[in-house]
Amino acid sequence: MKKICLLAIVATLFMVSTSCNKSQNAEQSSTEMADESSYKNSPAMKLLESVEFTKEGLVSMIKSKTRLTDVEYEALLLAYSKVGIDKEDLTLDDNPIGSARDEIFQNHELPDNAEEVERKLLTCPYPQVRGYIMGTVTSLFGVSDANIKEVMQVLKKEKDPYVIKCGIDALSNEMKNADVAEYILSKIDHESAPVREECANAIGNSWSEGVKGVKEATLKLMADKDLNVKKAIYSRCGKLYDETLIPELSKVLNDPNQSDLHSDAMESLYTMWYDFPFHEHYSKAAFDATMAYLKKTPRSEEQPYWTTVGRLQHQNSNKYPAWAQKATYFKPKEFVAVMVEIAKDANANWLGRNGAVKVIAQIGSKDDLRKLKQAINANAADSKKDLVLETIDENL
């Protein structure tokens, strides 16, 4: 199915329409929430209520041959009104709509008035439907400031946290627009943790680099009481490529009591100096902070956190050579030496040790692996050595 087009929706978003609520006053704003009674007896809702809420039932609503009618399309969108919203993470419960849509759109096209139907439902009384519509209001190449302004007029009046979350997600690449940035930054104190987490995702975004207020918002989100919010901002803030955030990342990495954030903080550091798969950033300060963490002893199951070790096993072969020439701070042999120490350390997490082996295989040599194998074999006290040796053999 083709994506809902933002440009088409906003072009008609504020046109006068009586189809949403025939009793609506002609002077009423088109962004005002429609009354539920205007939908309960609508042709689309009656069609929806005439079938079971199953994949087969939803598919059976469609009687048109090749192009959906306006009523059929509206009924398909209104089907989301029957889906519960998980209050913990503000996501929709499992439902049959996606699989039904996939089957329907194998041999049907959208109605000619699809944008009118979508525009009307942006102000329907069902947050599940509004959230779905708002969540698909995106454009691959961005949108104009004028169009964003009109979308923001709808979103600013929204009170439901699920719809707000969907709207922030839809506009997360548009924070260069002052209205969008102001709106998202205003929601970092929202009472709903999933909304704040969505703000963190939008703020920790390369499209938000250099936007006024994002650093201050980042620091505030780092202190959020919700772990998921903190993990989101710690893992993504590296995409701002702001080296003044490195001390905050190092502070967490130096705290063994915050090991549940170590992988996230290291992800941002790697982004700033290794930047896989793009290999377009070269922060020596971030590299130094990474090495300090990986070299830290004594090692344990949590230090270094196992997911932080093997990042360099992945590289973009088309871009890595050019990156390696510019990243003069990076010496493969020095990095391999650190990986060897982690792989040999019986106290380190065996999954992290295996990650180190894979890095050695990527940027080191077969001889490095053979020497490592010999050293591990010699340690009779290493209870996990067989798991590590297996990975070495796989890469020899």
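In this numbering scheme, every chain counts its residues from 1 along its sequence in written order. Per-residue local features are limited, in this predicted model, to residues with pLDDT of at least 70; the limit for side-chain atom pairs, both in listing and counting, is 80 or more; totals at the level of whole chains, interfaces and linings are taken over all residues. Values reported for side chains reflect all heavy atoms of the structure, with hydrogen atoms and water molecules removed beforehand.

1. Some words on unusual backbone geometry
And then number 1: For the bond running from T297 to P298, omega is 0 degrees, close enough to zero to count as cis.
And then number 2: Structurally, the position occupied by P298 is in the loop between α17 (284-295) and α18 (320-326).
And then number 3: Note that the residue after Q303, namely P304, is joined by a cis bond; omega there is 0 degrees.
And then number 4: Helix numbering and strand numbering both begin at the N terminus, where a helix is a DSSP run of H or I of at least 4 residues and a strand a DSSP run of E of at least 2. Its location among the elements puts P304 in the loop between α17 and α18.
And then number 5: Phi is positive for H279, which is not a glycine, with a value near 55 degrees.
And then number 6: On the secondary structure map, H279 appears in the loop between α16 (262-273) and α17.
And then number 7: The class of H279 is buried, set by a relative accessible area of 2%. Exposure classes here rest on a 1.4 Å probe applied to the protein chains alone. A residue is buried below 20% of its type maximum, exposed above 50%, and partly exposed in between.

2. Here we look at the pattern of salt bridges
And then number 1: Each salt bridge in this description consists of a side-chain nitrogen of Lys or Arg and a carboxyl oxygen of Asp or Glu lying within 4 Å of one another. Taken as a whole, this structure holds 18 salt bridges when the rule is applied.
And then number 2: Residues K284 and D288 are paired through a salt bridge, measuring 2.8 Å at the closest nitrogen-oxygen approach. Taken together, the positions of K284 and D288, both in helix α17 and 4 residues apart, correspond to about one turn of that helix.
And then number 3: Judged by relative accessible area, which is 45%, K284 ranks as partly exposed.
And then number 4: D288 gets classed as partly exposed once you look at its relative accessible area, which sits at 35%.
And then number 5: Three or more residues are tied together by salt bridges with common partners; here these are R67, E109 and D112.

3. Brief notes about the nonpolar core
And then number 1: Only buried residues count toward a nonpolar core, which is a set of Ala, Val, Leu, Ile, Met, Phe, Trp, Tyr and Cys residues joined through side-chain atoms within 4.5 Å. If you look at the biggest cluster of nonpolar residues, it comprises 113 residues, and the most contacted ones within it are W273, L294, F330, F335 and M339.
And then number 2: The dominant element in this core, judged by the number of residues it contributes, is helix α19 (residues 332-344), at 7 residues.
And then number 3: When near neighbours in sequence (up to four residues on either side) are disregarded, F335 contacts Y270, W273, F287, M291, L294, L312, F330, V359 and I363. Here, two residues are considered to be in contact whenever any of their heavy atoms come within 4.5 Å of each other.

4. Comments concerning the environment of G84
And then number 1: On the secondary structure map, G84 appears in the loop between α5 (70-78) and β1 (85-86).
And then number 2: Overall, the relative accessible area of 27% leaves G84 in the partly exposed class.
And then number 3: For the pair G84 and Q128, spaced 44 residues apart in sequence, the C-alpha separation works out to 7.9 Å.
And then number 4: In this view, G84 contacts T91, L92 and D93; residues no more than four positions away in its chain are not counted.

5. Let's talk about the packing of aromatic side chains
And then number 1: Geometry of aromatic contacts follows a simple scheme: Phe, Tyr and Trp rings, the Trp one being its six-membered ring, pair when their centres are within 6.5 Å, and the pair is stacked under 30 degrees between planes, edge-to-face over 60, tilted otherwise. On inspection of all chains with the given rule, the structure shows 15 aromatic pairs.
And then number 2: Aromatic pair Y270 and W273: ring centres 5.6 Å apart, planes at 35 degrees, arrangement tilted. On the criterion of helical spacing, the pair formed by Y270 and W273 is a turn pair, its members being 3 residues apart in helix α16.
And then number 3: Residue Y270 is classed as buried on the basis of its relative accessible area, which comes to 4%.
And then number 4: The exposure class of W273 is buried, given its relative accessible area of 0%.
And then number 5: A centroid spacing of 6.2 Å and a plane angle of 40 degrees characterise the contact between W273 and W323, whose relative ring orientation is tilted. Highlighted residues: W273 in helix α16 and W323 in helix α18, separated in sequence by 50 residues.
And then number 6: Given the relative accessible area of 0%, W323 is considered buried.

6. Things to note about the environment of S263
And then number 1: The topology assignment puts S263 in helix α16.
And then number 2: In sequence terms S263 and T308 are 45 residues apart; their C-alpha atoms lie 5.4 Å from each other.
And then number 3: Residue contacts for S263: discarding those within four places in its chain leaves Y305, T307, T308 and R311.

7. Considering α19
And then number 1: With 13 residues, α19 extends 18 Å from end C-alpha to end C-alpha; this agrees with the ideal 18 Å at 1.5 Å per step.
And then number 2: Those residues of α19 not exposed but buried are F335, V336, V338, M339, V340, I342 and A343.
And then number 3: Tucked inside the fold, the buried residues of α19 contact α16, α17, α20 (350-363), α21 (366-377) and α22 (385-395). Working rule for helices: expected span equals 1.5 Å times residues minus one.

8. Considerations on the confidence of the model for the protein chain
And then number 1: Chain-level statistics for the protein chain give a pLDDT mean of 89 and a share of 89% at 70 or above.
And then number 2: Every residue carries a pLDDT, the predictor's confidence in it, which falls somewhere between 0 and 100. Counting interchain partners and residues more than four positions distant, the pLDDT-below-50 stretch residues 1-30 has 58 contacts.

9. Some details on α21
And then number 1: Between its first and last C-alpha, α21 extends 17 Å over 12 residues, near the 16 Å set by a 1.5 Å rise per residue.
And then number 2: In the core, the buried residues of α21 are packed alongside α19, α20 and α22.

10. Topic: the side chain of N177
And then number 1: Here N177 shows up in the loop between α10 (161-170) and α11 (178-186).
And then number 2: Judged by its relative accessible area of 10%, N177 is buried.
And then number 3: For N177, the side chain forms a polar contact with the main-chain nitrogen of V180, separated by 3.1 Å.
And then number 4: Each residue touching N177, except ones within four places of it in the same chain, is listed here: D145 and I148. What qualifies as a polar contact is a pair of N or O atoms within 3.5 Å, subject to a donor-acceptor requirement within protein and to the restriction that residues adjacent in sequence count only when both atoms come from side chains.

11. As for a negative patch on the surface
And then number 1: On the surface, a cluster of negative charge is contributed by E88, D89, D93 and D94.
And then number 2: For D94, a relative accessible area of 81% gives the class exposed. Patch criteria: residues need more than 30% relative accessible area and no salt bridge. Like-charged residues are merged within 9 Å; nonpolar side chains of Val, Leu, Ile, Met, Phe, Trp and Tyr are merged within 5 Å. Throughout, the Shrake-Rupley method with a 1.4 Å probe supplies accessible areas, and for residues the shown protein chains are the sole cover considered. When charges are counted, neither His nor the chain ends are considered; positive counts come from Lys and Arg and negative counts from Asp and Glu. Charged groups are reduced to one reference atom each: NZ for lysine, CZ for arginine, CG for aspartic acid, CD for glutamic acid.

12. Re the packing of helix α8 (residues 127-135) against α10
And then number 1: Axis separation between α8 and α10 bottoms out at 8 Å; the angle between their running directions is 5 degrees. Looking at the two axes, α8 sits roughly parallel to α10. For the pair α8 and α10, the contacting residues are P127, Q128, R130, G131, Y132, M134 and G135 in the first and Y162, V163, C166, G167 and A170 in the second.
And then number 2: Three classes are used, and their members are as follows: Ala, Val, Leu, Ile, Met, Phe, Trp, Tyr, Cys and Pro are nonpolar, Asp, Glu, Lys and Arg are charged, and the others, Gly among them, are polar. Of the residues belonging to the contact of α8 with α10, the class tally is 7 nonpolar, 4 polar and 1 charged. With axes taken as lines fitted to C-alpha atoms, and helix axes fitted only over the stretch in contact, angles between N-to-C directions fall between 0 and 180 degrees. Each angle receives one of four descriptions, namely roughly parallel if under 35 degrees, roughly antiparallel if over 145, roughly perpendicular if within 65 to 115, and oblique otherwise.

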